Amino acid sequence: MFGGWASSLAAVAWVASAPPVLDLPPGALVPAAASVPVQASPRGLSFEVPGFAAVVLPFRGVHRAELELEVEGAVVVSWGPETSRGSKPWRHRRLETGAARLELRPMQFATWTPWARPVLRFEGTGRVLLGRARIALVPEDPAEARALHDAEVFLAPETVDHATINVLVPPLWSVNRNVFLQEILGAVFLAVALAALLLLRRRTGRWRPGTSVAIAAAAAVALQGAHLAVRMVPALHVTPDPDPEERIAKGYPFMAELGELARLGRATIGAGETVGALARQGDWFSGQTLCFNLAPRRCVVISPGRAVHRGISGVGEASLDELDVIVAHDADSPLPRGFVRAAAVSPRSFIARRAR
Amino acid sequence: MIFLLGAIAIVLSGRALLELLGLARRAPAVDLALGWFLGSGWLGLAALVSRFLLGVPFGRAPAIVLLAVPVAAWAVLRGLGLLRRAEPLPAPRPRLLPRPAWLFVPVAAWVVATAGAILLHGASTPTHTDDGVRVRAFTPMLAFEDAWPPEARRLLAIAGAVPTFVPALGWVLAGEVNHFHVNYVVLADLLAFLALLVGLGSRSGSPERGWAAAFAVLSVPLFVYHCTSTYQDAVLAMFAGASVLFLLEHGRTGDGRDAGLALALAAVAALVKQEGEIVGPSVAAVVLLRAWARRRHGEALPRGALPALAAVALLVLAAKAAALGWRDAVPLLGTVAGRAAGAWAPAAAASSAEALQAFGVSLFFSGNTGMLYWLLPASLLAAAPRAVSARHGWALVAVTILFLQVAASSIWLFPQYTLDQTTVNRALLVVSIPASVWLADFLWEGVAAERGARAAPAAAGGAGEAHGPAG
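Residues numbered from 1 in each chain as written. Chains lettered and ligands numbered in written order. Predicted model: local features only at pLDDT ≥ 70, side-chain atom pairs only at ≥ 80, totals over all residues.

Trainee: Explanation requested: the overall build of chain B in the structure shown.
Mentor: The helix and strand inventory of chain B stands at 23 helices and zero strands. Oriented by its inertia axes, the alpha-carbon framework of chain B measures out at about 70 × 65 × 45 Å. Sorting the 471 residues of chain B into buried and exposed places 57% on the buried side. Pairs at least 24 apart in sequence give 76% of the contacts found in chain B among residues at least 6 apart. (Helix = DSSP H or I, 4+ residues; strand = E, 2+ residues; numbered from the N terminus. Buried ≥ 20, exposed ≤ 12 C-beta atoms within 10 Å, placed from the backbone. Contact = placed C-beta atoms within 7 Å.)

Trainee: Even after reading the chapter, I still don't get the overall build of chain A, so can you show me in this structure?
Mentor: Summing up its helical and strand segments, chain A has seven helices and 16 strands in all. Overall size of chain A, expressed as C-alpha extent along the three principal axes, is 90 × 55 × 35 Å. Out of the 356 residues in chain A, the part that is buried amounts to 43%. In chain A, 66% of the contacts between residues at least 6 apart in sequence involve partners at least 24 apart.

Trainee: Explain the interface of chain A and chain B to me, please; I cannot follow it from the model alone.
Mentor: Often the size quoted for an interface is simply the accessible area lost on bringing the parts together. Across the boundary between the two partners, chain A contributes 50 residues, which contact 60 residues of chain B. For the side of chain A that touches chain B, the elements supplying multiple residues, two or more each, are helix 3 (181–204), helix 4 (209–232), helix 5 (244–250) and helix 7 (284–294) of chain A. For the side of chain A that touches chain B, the element with the most residues is helix 4 of chain A, which contributes 11 residues. Here the residues of the side of chain A that touches chain B are counted per class, giving 29 nonpolar, 17 polar and four charged. (Nonpolar A, V, L, I, M, F, W, Y, C, P; charged D, E, K, R; others polar.)

Trainee: Teacher, can you tell me more about the confidence of the model for chain B here?
Mentor: Regions with low pLDDT carry predicted coordinates that are not meant to be interpreted in detail. Residue and element names in this part refer to chain B. Looking at chain B, the pLDDT average stands at 88 and 92% of residues meet or exceed 70. In the model, residues 459–471 has pLDDT below 50 throughout and makes 17 contacts with residues more than four positions away in sequence or in other chains. Interface confidence for the predicted complex, given as ipTM, is 0.89, next to a pTM of 0.92. (pLDDT = per-residue confidence, 0-100.)

Trainee: Looking at this model, I keep getting lost on the packing of helix 13 (residues 256–269) of chain B against helix 15 (residues 305–324) of chain B. Mind explaining?
Mentor: The angle between the axes and the distance between the axes are what describe a pair of packed helices. All names here are of chain B. Where helix 13 meets helix 15, the axes come as close as 11 Å, and the angle between the chain directions of the two elements is 0°. By the angle between their axes, helix 13 is roughly parallel relative to helix 15. Contacts from Gly260, Leu263 and Ala267 in helix 13 reach Ala305, Leu309 and Val312 in helix 15. For the contact of helix 13 with helix 15, the residue count by class is five nonpolar, one polar and no charged. (Axes fitted to C-alpha atoms, helices over the stretch in contact; angles between N-to-C directions. Parallel < 35°, antiparallel > 145°, perpendicular 65-115°, else oblique.)

Trainee: Just checking my understanding: could you explain the nonpolar core for this structure?
Mentor: As a rule of thumb, soluble globular proteins bury nonpolar side chains together. The biggest cluster of nonpolar side chains holds 261 residues, and the ones touching the most others in it are Leu196, Phe239, Ala240, Val244, Leu265, Ala269 and Val430 of chain B. Sequence-distant contacts of Ala269 of chain B, defined by excluding residues within four places in its chain, comprise Leu236, Phe239, Ala240, Ser243, Gly276, Val279, Gly280 and Val283 of chain B. (Core = buried A, V, L, I, M, F, W, Y, C linked by C-beta atoms within 7 Å.)

Trainee: Before we go on, may I ask you to explain the packing of helix 6 (residues 258–268) of chain A against helix 7 of chain A in this structure?
Mentor: Residue and element names in this part refer to chain A. It is the contact of helix 6 with helix 7, at a shortest axis distance of 9 Å, that shows an interaxial angle of 35°. Considering only the axes of helix 6 and helix 7, their crossing is right-handed. Note on element contacts: helix 7 touches helix 6 through Ser286, Thr289, Leu290, Asn293 and Leu294, opposite Leu258, Leu261, Ala262, Gly265 and Arg266. Among the residues forming the contact of helix 6 with helix 7, the class breakdown is five nonpolar, four polar and one charged. (Left-handed = near helix turned anticlockwise from the far one by under 90°.)

Trainee: What's the story with the environment of Glu317 of chain A in this structure? I'm lost.
Mentor: All names here are of chain A. Considering the arrangement of structural elements, one finds Glu317 in strand 13 (residues 317–319). By the C-beta count within 10 Å, which is 15 here, Glu317 ends up partly exposed. Spatially, the C-alpha atoms of Glu317 and Pro253 are 30 Å apart, while their sequence positions differ by 64 residues. Setting aside chain neighbours within four positions, we find Glu317 in contact with Val300, Val308, His309, Arg310 and Gly311.

Trainee: Is there a simple way to think about the pairing of strand 14 (residues 325–329) of chain A in this case?
Mentor: For a regular strand, side-chain orientation follows a simple rule: the groups alternate between the two sheet faces. Residue and element names in this part refer to chain A. Among the five residues that make up strand 14, five are buried, leaving the element largely enclosed by the rest of the structure. The alternating pattern of strand 14 places Val325, Val327 and His329 on one face and Ile326 and Ala328 on the opposite face, and all of these are buried. Here strand 10 (residues 274–279) runs beside strand 14; their pairing, made up of five bridges, is parallel. In the strand pairing of strand 14, Val275 is matched with Val325. Where strand 14 meets strand 16 (residues 349–354), five bridges bridge the pair, whose relative direction is antiparallel. Counted as the bridge partner of His329 is Ser349 from strand 16. (Pairing = 2+ DSSP bridges.)

Trainee: Any chance you could explain unusual backbone geometry here in plain terms?
Mentor: Excluding glycine, most residues fall at negative phi; most peptide bonds, likewise, are trans. Across the junction of Ala295 of chain A and Pro296 of chain A, the peptide omega takes the value 10°, indicating a cis bond. Along the chain, the position of Pro296 of chain A falls in the loop between helix 7 and strand 11 (298–301). For the bond from Arg99 of chain B to Pro100 of chain B, the omega torsion is 0°, close enough to zero to count as cis. You will see that Asn178 of chain A, though not glycine, has its phi angle at about 55°, which is positive. Within the fold, Asn178 of chain A resides in the loop between strand 8 (172–174) and strand 9 (179–180). Given 11 C-beta atoms within 10 Å, Asn178 of chain A falls into the exposed group.

Trainee: Any chance you could explain the environment of Pro167 of chain B here in plain terms?
Mentor: Residue and element names in this part refer to chain B. With respect to the helices and strands, the residue Pro167 is situated in the loop between helix 7 (161–165) and helix 8 (169–174). Here Pro167 falls in the buried class, since 29 other C-beta atoms lie within 10 Å of it. Those residues within four positions of Pro167 in sequence are excluded, and the remaining contacts are Pro140, His181, Val182 and Val185.

Encoded structure:
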């Protein structure tokens, strides 16, 4: 066990101190694959994000990558090793027009393998320029690489998204040996309880099991709390913002345009108007969340092909004829006849009104 | 600002209820927290009954009247001299600061920092937690609109009266919706709960117990996250935890007023989520059983507690029957009965054996419950006789019943949601929070007893401290 501790601590120190190994000037980082056409220029590689774009970096065994980006529009970029699709933690960041520096740590994924290349997945609408890149590779020694992988997973920040409410990412002490933090802390608890029992006996001449168990429990809970703090603090939004509209606009960092679209709707749709929310088929979240943020306006989630559409959780209904406004977010079905775009966050996130 | 005004009205109403019921503790932090809890419960109950039993729409004037009723009743009864001021409990001198400082300064710092992070994140984040079926913060919107088609009434049954009507108070007072009020209510519940834990410990001369309990509940990781959301699982857990806290207090003081508070908080828990309809009565049943078992020791319930409890239960049942029909008045009971009768079965892919394994993972390894389910059995093993004493035993029975309910639900009733980990972890909150309160009390009591035993010979038979040592 203590060998594991030592190697993990060594890996943590390595993580903190290891300098980037490869420094690639703009344009030198040629993707191994991309889902959209990529154009090279002296400033770097640029590509359009027409709703979705994926770029595979050309390196295997990446420990850490720092990328300089310039973005026009609003996109959410998520990243991970090729093996990470659909698995937690979901690493993502919302980027708006301007320069940004992105730090990728593919080893924070339990599914990481030395052969998996990092993938960037962009959602939203805009243009991205990929500039300078710095790439640190994993150690060549497999044992050292495994220890580093264990440390990266152990200290990875929690992912906050719409499913976090159900389950937090399990804290793994060693992803490669499948040892949970709780097992280690259980052992710590027993060891501290025993040590406290013997020490207190020696100091006071009495057996004090209650005090010993309490000391051990406090130690175990404190260690677990410290780990929780390390994981949660980066994931929490702790900058106060007095304006509720701003909080709604910025409050969906895992979706590129949803918050801004909700703000636009709240600003432009009248209290007495009837709204239809139109989203991509299978996207259960956007339509309901738009209706929620537009409440108390009458709102239904549009189900293409149906005559009558229903509100949140099936409460309330309206036909297309009754709608005054449609709020569309990344919809894959056409705008119903008779509606024209009136205001937009982007080409795929907009508000349409009945044509006069 | 309007939220703050609404909150003050709720606290005043709840505070008046405390006086009417003779349950005030005469400790500002405790009475403030209890005022918020009982006022929330009163608003939920009164709005449910007035809307669905009496047919009075929920709006600004009715909400003001409902909140004013306890205050007016208190003022009238007091003016007529019919309200006896409750005798203060015989208790040791209140003590604010826990000792030793080297231990409790970091504990208090953790509690304050965690609560601060929850407040900031919770107040900053719009609702983005959804399970695809319902938006949890939606029923207050229905209360605000006062539109109750059958689908909306079904949602009310799922969410419960307190989560439906309390967040809507500010909206009906102001005439407009600020979505964040739903977040604020959960955060206010957390602040009240922490104030109750710490304040009650300080009031009874043992601030260590209170800080230990606050530390314990804020060390349950999923609870910490839930308090930043608009889900109500953490809220139900806090009401259940507060009820168990007073059950423990009743074990310590033997004063019927503590049992009365445990019952009152269990009644409020019954108004949070459909699960509350089973959780609240379960804890209340243990309180009643304890009072009956200990009646010869002078630990009876306050006069009128039983009729009041029965009246609340009947009113809730009648109001829900009026809203939903008798058949659906307690939907969870119908679900359990249907499963027991074989009327329906869980998804074919989900077996109870697999669910049992997944339940174990949730308890011990997933990290959602922290170290609680490791420490609880170990602590019980280390001091089994004390765990079943009159002081701690009844509260342990309540926690065990809650655990068995969640286990039955997770393994037998809905194994599919245990296998995919969608509901099991948040269902466990209603066990984890009362269990954390119990464990903190139990562990600190063990330390205090051993220190007291050491101090007793030194004091050469001097007056021992009934409530633990001062230092």
